[in-house]
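Working through the structure, step by step
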Amino acid sequence: MSRVVEMKQITKVFPGTVANDHIDFDVERGEIHVLLGENGAGKTTLMNILYGLYKPTSGDIYIDGVKEEIRSPNDAIALGIGMVHQHFMLVENFTVAENIVLGNEPSTRGILDMEAARAAVRDVSDRFGLAVDPDARIEDISVGLAQRVEILKALYRGAEILIMDEPTAVLTPQEIDDLGTILKNLTREGKSIILITHKLKEVLEMSDRTTILRRGAVVGTVRTSDTTADELAEMMVGRQVSFSSDKQEKQAGNVILHVDKLTVKDHRGIEAVRQVSFDVREGEILAIAGVDGNGQKELVEALTGLIATESGRVTLCGCDITGKDPRTVIEAGTGHIPEDRHKRGLVLQSSLFENLILGYHYKPPFAKHGRMDPVKIVEHGNRLIEEFDVRTPSGSVTAGSLSGGNQQKVIVAREFYKDPPLLIASQPTRGLDVGAIEFVHKRLLELRDSNKAVLLVSLELDEVMKLADRIAVIYQGRIVGIVDAADATERMLGLMMAGGSPEGRTAADRTEGESA
Amino acid sequence: MKEKFTYVWSVIRLPVIAVVFGFLTGAVCIAVTGNNPVVAYIALFRGSLASIPGFGETMYKITPILFTGLAAAISFRCGLFNIGAEGQYVVASVAAIAISWFGQGLPRIFLLALILTAGFCAGGLWGGIAGFLKAKRGINEVISTIMLNWIALYLANYLVRIPLSPNVRAGLSPAGHSVVVPEVAKLTKLKAIVPAFGYSSAHTGIFIALISAVVMWYILFKTTVGYEIRTVGLNAQAAEYGGISKAKNTMLAMFLSGGLAGLGGAVQIIGLVYMVNQSPMLPGYGFTGLSVALVGNSHPLGCIPSALLFGILENGSRQMQLAGIPSEITSIISGVILVFIAGSLVIKLAGDRIKAKWGKRAMRTEQEGL
Ligand SMILES: Nc1ncnc2c1ncn2[C@@H]1O[C@H](COP(=O)(O)OP(=O)(O)O)[C@@H](O)[C@H]1O
Ligand SMILES: [Mg+2]
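Only a predicted model underlies this, so the values are computations on that prediction, with no experimental measurement involved. (Residues numbered from 1 in each chain as written. Chains lettered and ligands numbered in written order. Predicted model: local features only at pLDDT ≥ 70, side-chain atom pairs only at ≥ 80, totals over all residues. Heavy atoms only, no water.)

A word on the overall build of chain B. Broken down by element type, chain B carries 16 helices and 0 strands. Within the span of chain B, comprising 370 residues, buried residues form 48% of the whole. Sequence separation of at least 24 residues holds for 75% of the intrachain contacts in chain B that already meet a minimum separation of 6. Summed over all atoms, the accessible surface of chain B reaches about 16500 Å², with 70% contributed by carbon and sulfur. Of the charged side chains in chain B, 27 are positive and 12 negative, and the gap between their average positions amounts to 5 Å. (Helix = DSSP H or I, 4+ residues; strand = E, 2+ residues; numbered from the N terminus. Buried < 20%, exposed > 50% of the residue type's maximum accessible area, 1.4 Å probe, protein only. Contact = heavy atoms within 4.5 Å. Areas by Shrake-Rupley, 256 points an atom, 1.4 Å probe, with all protein chains shown as cover. Lys, Arg positive; Asp, Glu negative; His and termini not counted. Charge placed at Lys NZ, Arg CZ, Asp CG, Glu CD.)

Written out as structure tokens, the structure is:
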């Protein structure tokens, strides 16, 4: 088979980090080649080099056996390389066809020929089974479709080699399956695909070969059919990883958090959470599953007092905390691992010591009569740093100087120290590497086993299925259904995440049923 | 020990380099005007530091700008830009005059305490108005404090001209200045304690300023109040998440900031000028205070050497003039220092922005490439 891409000894140095360290990487015609690695392993950097966004510090690139200098995405496109980024770059209020031809519009004597554009789009779409309506507006279509539009855009510009950076992060399980089919169709037409991911399941299902990166270097390239998830994980992390969770059977106790018909508006004044009701009990983890942007953020912020509620009631340990300010909510017994650790969870310019008391800084032993006790604060900080294994030269460095995983450990340590009856963990493992994810998972399960209530909000279905006792699926601000984790299947949750009920009916069916 | 030193150096590096650059630029300018920079700087420092009365002159110049420097510093720490120290200073000086006049029968210690408290509260309330508007209505404090400055000035002019005017009180037509602070309410001159201060008008207000700096340092770095103010200043969203009210701390910081500027006004009245004149202009101490805080790294103790620097420049410029060197040189020096510091802050901010935007920028490059 012929090699369409060969990257030889690619090194990329950023100030302070070697993102790519003498990487050899090649792609054969018609294959799906996965780049696998933890966050920060250097996958995006390597592909940005191939796409001409970064210039390598050293190393050579060969396309179809010819050495090329790729100085810009224009060069890359001319060489038949297309890239679909993690964040889409589509014009929201343009139609699909307009987006696809943007920058490369068919015209007759300077006049835009939209009919030709639509025909071209339909033609490409049909050839690869993409099923995209050229006249739909981007703002009206789903994320999964928007991604197809990005793929179409690349194909329309003549891409033979398609790079996809973490394409599944935003998709429901069904959409991921569909994407798999589309990619297979593309390879059948002779296209080559480079897929970036850190999810093992997708690697095994979708790819022909896998190259594993760790800390900027290649660990190895394997034929996917010859390998297993355990083997890949070990190569990716550098040690053995256990996937099984040691979750004990456990009877849930009294209701700790009771949410009744809660409605919350987002900052634009649109109802983001609608009539949501659920309970979280002692000794259980209730997970809120759903695709990003379905009201999870607003739900958590309303529960923790960070934004106002429209209507409904929230009770914590029998105490009404509806619309109370954050301090009242904290004092009523809530710990909160926020979704955005940089924006909310930490004061990046402050020391770890100062960060590790945020939220109880005014209480003894850290403060008495408004006077802070530096000795106690430092002792406390050092104890948590040790107990939670935060890797840092000392507690007096700023939180901003730590890696993401260690920053998250600081937050987890601080919130666990409160020993709250309720912990709200919002995407607690986002952007963490496998080791740190294991750590957070273990801690959450320990909390549950010590009979605390945990509300877990997560976009990762694997995480939800591994940790939760019960799973509530949220779609467009509504809880579509709450199921026992033991009975839940990925397919069922996937349908619910797209608005269907656990029994397989869609949200639309049900609304009609109710109004009848 | 070494670690501590490295840390301190990392904090003071910028101001130190800025000052060195300021003086170097000043030296070039002096040389361009055909004078000898060495002679000029000797005159500058000798005049402001070398003799006790000379140093006394420097000290009384430091007093008000240390107060307004502290005022600016605490507002910066809360992420606010209080450019209303001017107005806060003015309302407090009028309050000080009024209290000293109407309370002249009171025992001295009691009266002084009352005047200082009134000055602090008057300035604090004036700052607090801007804090309230910011916290409850989201009105930008830069705009509201500028407006309040002018309101303060014209209000003061009215009060000074009519109710507090000695002429009006004596039944005559209004005059352009207030009554004079009675002897009992005047701060002690240093020369009354140490005769060596000779001709200098330095007064015990400098000690009130120094104590205020230490107290402010304590509040900011050793109490929960300071922790909350600093947290709001560094990351308001994280503060809210930690149960710290942004609104409350915004108002509190503006109150403290205004209070310090107000204390400066009251001390200046009873320590040095003893009356308030009707004036078409704001006194300018508030703006110098912004410079003091910038050079002092918004640290209350850092404001002390920083205020000393500006005091030296102001007092020494007269001495340089006597040595035949244009006094504008000192303005050039302080200007260069400020441009340097503000410039590097802007560069640092922009740098952070660029880092944060890197990903996005890379993508934009791609779009432009199409
Ligand atoms: N523009 C940049 N400037 C500096 N460092 C960067 C830049 N882009 C990536 N890095 C660093 O390079 C390393 C690899 O990053 P990346 O390629 O994004 O990893 P991945 O995509 O595998 O998660 C990380 O340590 C990251 O912080
Ligand atoms: Mg990446």
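Residues and elements named next belong to chain A. The element helix α1 (residues 43-50) is extensively covered by neighbouring structure, given that 7 of its 8 residues are classed as buried. All buried positions along α1 are accounted for by Lys 43, Thr 45, Leu 46, Met 47, Asn 48, Ile 49 and Leu 50. Two residues or fewer after α1 comes Gly 52, characterised by a positive phi angle close to 80 degrees.

This part takes up the site of ligand 1. As a matter of local geometry, ligand 1 sits amid 13 residues, with Gly 40, Gly 42, Lys 43, Thr 44 and Thr 45 of chain A nearest to it. Chains contributing residues near ligand 1 are chains A and B. A distance of 2.9 Å is found between an oxygen atom of ligand 1 and a backbone nitrogen or oxygen belonging to Gly 42 of chain A. Here the shell around ligand 1 gets 3 residues from one element, more than from any other, and that element is α1 of chain A. Here the residues of the shell around ligand 1 sort into 5 nonpolar, 6 polar and 2 charged. (Near = heavy atom within 4 Å. Polar contact = N/O pair within 3.5 Å; in protein donor to acceptor, adjacent residues only side chain to side chain. Nonpolar A, V, L, I, M, F, W, Y, C, P; charged D, E, K, R; others polar.)

So, about the interface of chain A and chain B. The partner chain B presents 24 residues to the 37 residues of chain A that form the contact. The junction of chain A with chain B conceals about 2800 Å² of combined surface from both sides, 57% of it contributed by carbon and sulfur atoms. Put simply, chain A and chain B have 3 salt bridges between them. Salt-bridge contacts for Arg 230 of chain B lead to Glu 354 of chain A; the nearest nitrogen and oxygen are separated by 3.0 Å. Where chain A packs against chain B, one counts 16 residue pairs in polar contact (both at pLDDT 80 or more). Those elements giving two or more residues to the side of chain A that touches chain B turn out to be α2 (73-78), α10 (326-331), α11 (341-345), β20 (371-372) and α14 (404-417) of chain A. The biggest single contributor to the side of chain A that touches chain B is α11 of chain A, with 4 residues. When the residues that make up the side of chain A that touches chain B are grouped by side-chain class, the tally is 18 nonpolar, 11 polar and 8 charged. (Buried area = accessible area lost by both parts, 1.4 Å probe. Salt bridge = Lys/Arg side-chain N within 4 Å of Asp/Glu carboxyl O.)

Turning our eyes to something else, we now look at the packing of aromatic side chains. Evaluation of the coordinates by the stated rule reveals 13 aromatic pairs over all chains. Ring geometry for Tyr 360 of chain A versus Phe 366 of chain A: centroids 5.7 Å apart, planes at 35 degrees, classification tilted. Judged by centre distance (5.2 Å) and plane angle (45 degrees), the ring pair of Tyr 89 of chain B and Tyr 285 of chain B falls under tilted. In this pair, Tyr 89 of chain B is assigned in helix α4 (residues 85-102) and Tyr 285 of chain B in helix α13 (residues 285-295), connecting sequence segments 196 residues apart. The exposure class of Tyr 89 of chain B is buried, given its relative accessible area of 7%. A relative accessible area of 24% means that Tyr 285 of chain B is categorised as partly exposed. One aromatic cluster in this structure is built from Tyr 360, Phe 366 and Tyr 417 of chain A. Here the basic side chain of Lys 409 of chain A rests over the ring of Phe 439 of chain A, its NZ or CZ set 5.2 Å away from the ring centre. Sitting over the face of the ring of Phe 388 of chain A, Arg 443 of chain A holds its NZ or CZ atom 4.2 Å from the ring centroid. (Phe/Tyr/Trp six-rings, centres within 6.5 Å; stacked < 30°, edge-to-face > 60°. Lys NZ or Arg CZ within 6 Å of the ring centre and 35° of its normal.)

In this section: the packing of helix α2 (residues 37-50) of chain B against helix α3 (residues 52-77) of chain B. Residue and element names in this part refer to chain B. Where α2 contacts α3, the two axes come as close as 5 Å, and the packing angle between them is 90 degrees. Taken together, the axes of α2 and α3 lie roughly perpendicular to each other. The segment α2 lies against α3, with Gly 47, Ser 48, Leu 49 and Ala 50 engaging Ile 52, Gly 54, Phe 55 and Thr 58. Classifying every residue of the contact of α2 with α3 by side-chain character gives 4 nonpolar, 4 polar and no charged. (Axes fitted to C-alpha atoms, helices over the stretch in contact; angles between N-to-C directions. Parallel < 35°, antiparallel > 145°, perpendicular 65-115°, else oblique.)

The next subject is the sheet that holds strand β22 (residues 453-458) of chain A. Residues and elements named next belong to chain A. The mixed open sheet is built from 6 strands, whose spatial order is β18-β21-β22-β15-β23-β24. Only two strands of the sheet have a single neighbouring strand rather than two, namely β18 (334-337) and β24 (478-484). Mean inter-strand twist for the sheet, computed between neighbouring axes without regard to direction, equals 15 degrees. With 5 bridges joining them, strand β15 (residues 285-289) and β22 adopt parallel strand pairing. Of the residues in β22, the one forming a bridge with Ala 287 is Leu 456. The sheet contacts of α14 involve β18 and β21 (422-426), and relative to β18 the element is tilted by about 175 degrees. (Pairing = 2+ DSSP bridges.)

With that out of the way, let us pick up the environment of Gly 435 of chain A. All names here are of chain A. Residue position: Gly 435 is located in helix α15 (residues 434-449). Classification of Gly 435 by relative accessible area gives partly exposed; the value is 23%. For the pair Gly 435 and Val 237, spaced 198 residues apart in sequence, the C-alpha separation works out to 7.6 Å. Gly 435 has contacts with Glu 38 and Arg 239, leaving out every residue within four places of it along the chain.

To continue, consider the nonpolar core. Looking at soluble globular proteins, one finds that nonpolar side chains tend to be buried together. Of all hydrophobic cores here, the largest spans 148 residues; its most connected members are Phe 388, Phe 416, Leu 444, Ile 471 and Leu 493 of chain A together with Ile 270 of chain B. Here this core gets 12 residues from one element, more than from any other, and that element is α3 of chain B. Not counting chain neighbours up to four residues away, the residues in contact with Leu 493 of chain A comprise Leu 461, Met 465, Ile 471, Val 473, Val 483 and Ala 488 of chain A. Core analysis: the next-biggest nonpolar cluster, separate from the first, contains 44 residues, Ile 138, Leu 171, Ile 212 and Val 434 of chain A among them. (Core = buried A, V, L, I, M, F, W, Y, C linked by side-chain atoms within 4.5 Å.)

Turning to the packing of α3 of chain B against α13 of chain B, a few remarks are in order. Residues and elements named next belong to chain B. One can describe the packing of α3 onto α13 by two numbers: an axis separation of 7 Å at closest approach and a directional angle of 65 degrees. In this structure, α3 crosses over α13, and the sense of that crossing is right-handed. Judged by residue contacts, Pro 64, Ile 65, Thr 68, Gly 69, Ala 72, Ala 73 and Phe 76 of α3 engage Tyr 285, Gly 286, Thr 288, Gly 289, Leu 290, Val 292, Ala 293 and Leu 294 from α13. Across the contact of α3 with α13, the residue classes tally to 10 nonpolar, 5 polar and no charged. (Left-handed = near helix turned anticlockwise from the far one by under 90°.)

Okay, the side chain of Thr 68 of chain B next. All names here are of chain B. Residue placement: Thr 68 occurs in helix α3. A polar side-chain atom of Thr 68 sits 2.9 Å from the main-chain carbonyl oxygen of Tyr 285. Setting aside anything within four residues of it in sequence, one finds Thr 68 in contact with Ala 85, Tyr 285, Gly 286 and Gly 289.

A separate point is the pattern of salt bridges. Tallied over the entire structure, the rule returns 37 salt bridges over all chains. The structure contains a network of salt bridges with shared partners spanning Arg 3, Glu 6, Lys 8, Asp 26, Glu 31 and Arg 209 of chain A.

Next up on the list: the domain arrangement of chain B. All names here are of chain B. What the domain assignment lists for chain B is domain 1 (1-33 + 328-370) and domain 2 (52-325). Relative placement of domain 1 and domain 2: their C-alpha centres are 29 Å apart. Across the boundary between the two partners, domain 1 contributes 13 residues, which contact 10 residues of domain 2. Carbon and sulfur atoms make up 85% of the area that domain 1 and domain 2 hide from each other, which totals about 1000 Å². By the criterion of area lost to domain 2, the three top residues of domain 1 are Thr 330, Leu 338 and Ile 341, representing 39% of everything that side buries. Summed over the shared surface of domain 1 and domain 2, the number is 0 salt bridges. Across the contact surface, domain 1 and domain 2 share 1 residue pair in polar contact (both at pLDDT 80 or more). The set of elements that each furnish at least two residues to the side of domain 1 that touches domain 2 consists of α1 (2-32) and α15 (328-356). The greatest single-element share of the side of domain 1 that touches domain 2, amounting to 8 residues, is contributed by α15. (Domains from an automatic or database assignment.)

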